[in-house]
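# Architecture and fold: a report
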Amino acid sequence: ATVSAKLNSTPILAEADALLQTSPEQALQVTERYLMQRRLSDSTNRPHSNNDADRSIRTPLNTVHAHLIAAKARGALGHREASWEALKKAKSVAQSNELTRASLEVTLAETSLLYSLDNNSDAAQALIQALLAELSLLDDIQSSRIERLRFEASLLNAIIVTTQEDEQQSIAQFNAALKALGETPDLKHKVRYQIALGNYFLSINSYERALSELLSAYWQASENDFAVQIASANISLTKLYQQQGVLDKALQHANQAAEFYEHYDLKRGLSETQTLLAAIYSQQGRYNFALVHYFNALELETMLSRTVNIADINVAIAN
């Protein structure tokens, strides 16, 4: 459940933000250099400004954004404590400078970390409900930013709710996210919404509805060159076809996803695709191919030090 929340920002941080999904290491380098090379400007002088015309200073608003990017990059790299540390810094600067809008972005990122990094659905749900309540009270001049925040929060809420509630409740939350998309939705947001909804349908074995959402997302992402979303849809379609026993199609989508993660050297995504490929080859009785992919995944998981996944892969190899 990655959250792509962007504060209006200076170009250097906008570039770092854009790198989060394909190169978190690089995003972190850019951000840390920015934080190290510039001192925080006197906050009494327009803390809400994002204009860093003087290259030796950074405004409080941009400082919050920089720490948020660092938190997300650290989270993506699995550096749990460093991620929370960066988020704490973002929260502190936002609160001490009374940056209300930036504080909302911090809360959204905090919810995302609670859910994806700490696997704490209860705490994440409580926090996102509070954020949505706060957002519903805002009738803001910067409406596009608030609308985007509402959508991001609604989608994350729907994803969290589906792990805990029944189908009726879950669909209601996805409908709320769809409503937050608005009349003329941002295409990338729409594709992310469809993938999340498709994944939900897949989780309750509603294959026809899952296929409808995921294929639509896949083609829209392909037509618009949304590389990250294409890979994400490919992973979901792999799982769907695998569960349905349509193994040739599962392989096709898994290989496409693997190419993306390999190209950007994204170890987590690559490990997942290697494990999926291994399982599919195993289902086909092509055990030599399966072993090669399991060993690839094992090597990646060892680099990532994820003990549970290492154990699971070793069990699969033994089988």
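Residues numbered from 1 in each chain as written. Predicted model: local features only at pLDDT ≥ 70, side-chain atom pairs only at ≥ 80, totals over all residues. Heavy atoms only, no water.

### Quick word on the pattern of salt bridges
The condition is simple: Basic side-chain nitrogens of Lys or Arg form a salt bridge, by our definition, when they fall within 4 Å of a carboxyl oxygen of Asp or Glu. Think of it this way: any DSSP run of H or I at least four residues long counts as a helix, any run of E at least two long counts as a strand, and we number them from the N terminus.
Applying the stated criterion to the full structure yields 11 salt bridges. One salt bridge in this structure joins K91 and E110, with 3.1 Å as the shortest N-O distance. Pair noted here: K91 is in helix α4 (residues 80–96) and E110 is in helix α5 (residues 100–116), with a separation of 19 residues, a long-range link. Where R192 meets E152, a salt bridge forms, and the shortest distance between an N and an O atom there is 2.9 Å. Residue R192 is found in helix α9 (residues 187–203), and its partner E152 is found in helix α7 (residues 143–162); the two are separated by 40 residues along the sequence.

### Focus: helix α10 (residues 207–223)
What counts is decided by this rule: Helix span is expected to be 1.5 Å times the residue number reduced by one. Working definition: with a 1.4 Å probe on protein chains only, accessible area under 20% of the residue-type maximum means buried, over 50% means exposed, and in between means partly exposed. It only takes one pair of heavy atoms within 4.5 Å for two residues to be counted as in contact.
Over its 17 residues, α10 extends 24 Å from the first C-alpha to the last, a length consistent with the 24 Å expected when each residue adds 1.5 Å. Residues A210, E213, L214, A217, Y218, Q220 and A221 constitute the buried set of α10. Buried positions along α10 lie against α9, α11 (227–244) and α12 (247–263). Phi turns positive one or two residues past the end of α10, at D225, with a value near 55°.

### Some thoughts on the environment of A177
Mapped onto the elements of the fold, A177 is located in helix α8 (residues 167–181). Residue A177 is classed as buried on the basis of its relative accessible area of 0%. Taking the C-alpha atoms as reference points, A177 and R150, separated by 27 residues in sequence, lie 8.1 Å from one another. Setting aside residues no more than four positions away along its own chain, A177 makes contact with F151, S154, L155 and Y193.

### What to know about the confidence of the model for the protein chain
Test applied: One number per residue, pLDDT, summarises how confident the predictor is, and it ranges from 0 to 100.
On average, residues of the protein chain carry a pLDDT of 92, and 93% of them reach 70 or more. Counted against residues more than four places away or in other chains, residues 1–5, with its pLDDT under 50, gives 19 contacts.

### Quick notes on the packing of aromatic side chains
The way to describe two aromatic rings as a pair is by their centre distance and the angle between their planes. Condition: Any two rings among Phe, Tyr and Trp, with Trp reduced to its six-membered ring, count as a pair given centres within 6.5 Å; such a pair is stacked if its planes are under 30 degrees apart, edge-to-face if over 60, and tilted if neither.
Enumeration according to the criterion identifies 7 aromatic pairs in this entry. Relative to Y200, the ring of F174 has its centre 5.9 Å away and its plane inclined at 35°; by these criteria the two rings are tilted. With F174 in helix α8 and Y200 in helix α9, this pair connects stretches of sequence that are 26 residues apart. Measuring from centroid to centroid gives 5.1 Å for F260 and Y261, while their planes differ by 75°, and the two rings are edge-to-face. On the basis of relative accessible area, F260 is assigned to the buried category, the value being 12%. Residue Y261 is classed as buried on the basis of its relative accessible area, which comes to 13%.

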